[in-house]
Amino acid sequence: MMELRSTLGGRIALTAVATVILLFLALPIMVILVTSFSKNAFGSFPPEAWTLGWYKALFADGSKWPAAMSMSALVACLSTVFSLVIGVTAATALTRSELPLRSAVYALVLGPLLIPQIVTALGLFLLFEPASMLGSPIAIALGHTVLASPIAVLILVATLRGIDERLEDAAASMGAGRLTIARRITFPLAAPGMIAAAIFSFITSFDEFYISQFLSSVDTVTLPVQIYNSLTFDIDPSVTAISAILIAGAILALALVALVRWLGSGRQESLFSVENTAGIAAPGGEAV
């Protein structure tokens, strides 16, 4: 690989191969985006005529899509809050404390990512069904948290490990308490990672199907479940339009993550100075 990069022909070949692979991966997405503007009710590709009718149909009177989107947004917001609480707590314990069996605890936290989602969904169904919680947005959000929180933990562990602990040690040596250090040093520096964890947790919950299918009811149908029902029991061309909207939302979310991380990349360097460190706390733990 290094020999290919060292020559002009090798770099051109690698660029060409990478471009072909990326285009192949993006091709299904492009097909969905183009088909969403097709006038054909069966979603033919390439379109013979163009229309915005399927996007208008999403919000027409009697449409089930707005309610499904609202339910998914509500569940995703709740799941994001739960995942951040678990993620911050677990990541802090794994990186800033002498936790016994740290590797085993870390593996246990990431365990839901290795288990098939349908198995997790079945277990959650058997857990919530005796409690009569099926169809509750809280139950669905808790179920999504099982899958979203490990992702938040991964991101936050990497974020906290990337923070120079000398900043926290310098603040502690000047008398700052743990809460002051967390408020003035750790959390500001970890803010980009926390925002990224929140965004990925939201996306994970918003797109989750299996758990929603097992835990939802007639009155609490999330967007992935509604898409499945539309494809299974009906021929609804609006599915391509809602899919295009979801693709655009995912792209915007990833762009937001990149922007947040870029804006926060220089914060640690700006804090790592004698002047800033000296203003963190005065002796006795009081912030200056």
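A quick note: this is a predicted structure, and the numbers were derived from the prediction, not measured.

## Here's the deal with the overall build of the protein chain
Counting its regular elements, the protein chain contains 14 helices and zero strands. Element order for the protein chain, N to C, with α for helix and β for strand: α-α-α-α-α-α-α-α-α-α-α-α-α-α. A total of 288 residues make up the protein chain; the buried ones form 35% of that total. Looking at the protein chain alone, contacts between residues at least 24 apart form 72% of all its contacts between residues at least 6 apart. Total accessible area on the protein chain is roughly 16,400 Å²; 71% of this is exposed by carbon and sulfur atoms.

## Details of the packing of aromatic side chains
All told, the structure shown has four aromatic pairs when counted by the stated rule. A centroid spacing of 5.8 Å and a plane angle of 20° characterise the contact between Phe-202 and Phe-206, whose relative ring orientation is stacked. Of the two residues, Phe-202 and Phe-206 are both situated in helix 9 (residues 178-207); the distance of four residues between them amounts to about one turn of the helix. Aromatic pair Phe-209 and Tyr-210: ring centres 5.4 Å apart, planes at 65°, arrangement edge-to-face.

## A word on the packing of helix 8 (residues 165-173) against helix 9
The contact between helix 8 and helix 9 brings their axes to 10 Å, and the two run at 170°. Relative to helix 9, the element helix 8 lies roughly antiparallel. Taking contact as the criterion, the partners of Leu-167, Glu-168, Ala-171 and Ala-172 in helix 8 are, on helix 9, Ile-181, Ile-185, Thr-186 and Leu-189. Residues of the contact of helix 8 with helix 9, tallied by class, amount to six nonpolar, one polar and one charged.

## Details of the layout of surface pockets
Approximately 550 Å³ is the volume found for the largest pocket. For the lining of the largest pocket, the elements supplying multiple residues, two or more each, are helix 4 (65-96), helix 7 (137-161), helix 8 and helix 9. Split into classes, the residues belonging to the lining of the largest pocket amount to 11 nonpolar, four polar and five charged.

## Quick word on helix 2 (residues 8-35)
Along its 28 residues, helix 2 runs 39 Å from first to last C-alpha, staying within 8% of the 40 Å computed at 1.5 Å per residue. Along helix 2, the helix axis deviates most sharply at Leu-27, where the bend reaches about 40°; the proline Pro-28 sits within four residues downstream.

## Structural notes on helix 8
Those residues of helix 8 lying buried are Leu-167, Glu-168 and Ala-171. The buried residues of helix 8 occupy one face: seen down the axis, they fall within an arc of 95°. Positive backbone phi, approximately 100°, marks Gly-175, located one or two places after helix 8.

Definitions and limits used
Residues numbered from 1 in each chain as written. Predicted model: local features only at pLDDT ≥ 70, side-chain atom pairs only at ≥ 80, totals over all residues. Heavy atoms only, no water. Helix = DSSP H or I, 4+ residues; strand = E, 2+ residues; numbered from the N terminus. Buried < 20%, exposed > 50% of the residue type's maximum accessible area, 1.4 Å probe, protein only. Contact = heavy atoms within 4.5 Å. Areas by Shrake-Rupley, 256 points an atom, 1.4 Å probe, with all protein chains shown as cover. Phe/Tyr/Trp six-rings, centres within 6.5 Å; stacked < 30°, edge-to-face > 60°. Axes fitted to C-alpha atoms, helices over the stretch in contact; angles between N-to-C directions. Parallel < 35°, antiparallel > 145°, perpendicular 65-115°, else oblique. Nonpolar A, V, L, I, M, F, W, Y, C, P; charged D, E, K, R; others polar. 1 Å grid on protein atoms, 1.4 Å probe; cavity = no way out; pocket = protein on both sides within 12 Å on 5 of 7 lines; lining within 4 Å. Points joined across faces, edges and corners; volume = space filled by probe spheres on them. Expected span 1.5 Å × (residues − 1). Bend = angle between axes of the 7 residues up to and from the residue. Arc of directions from axis to C-beta.

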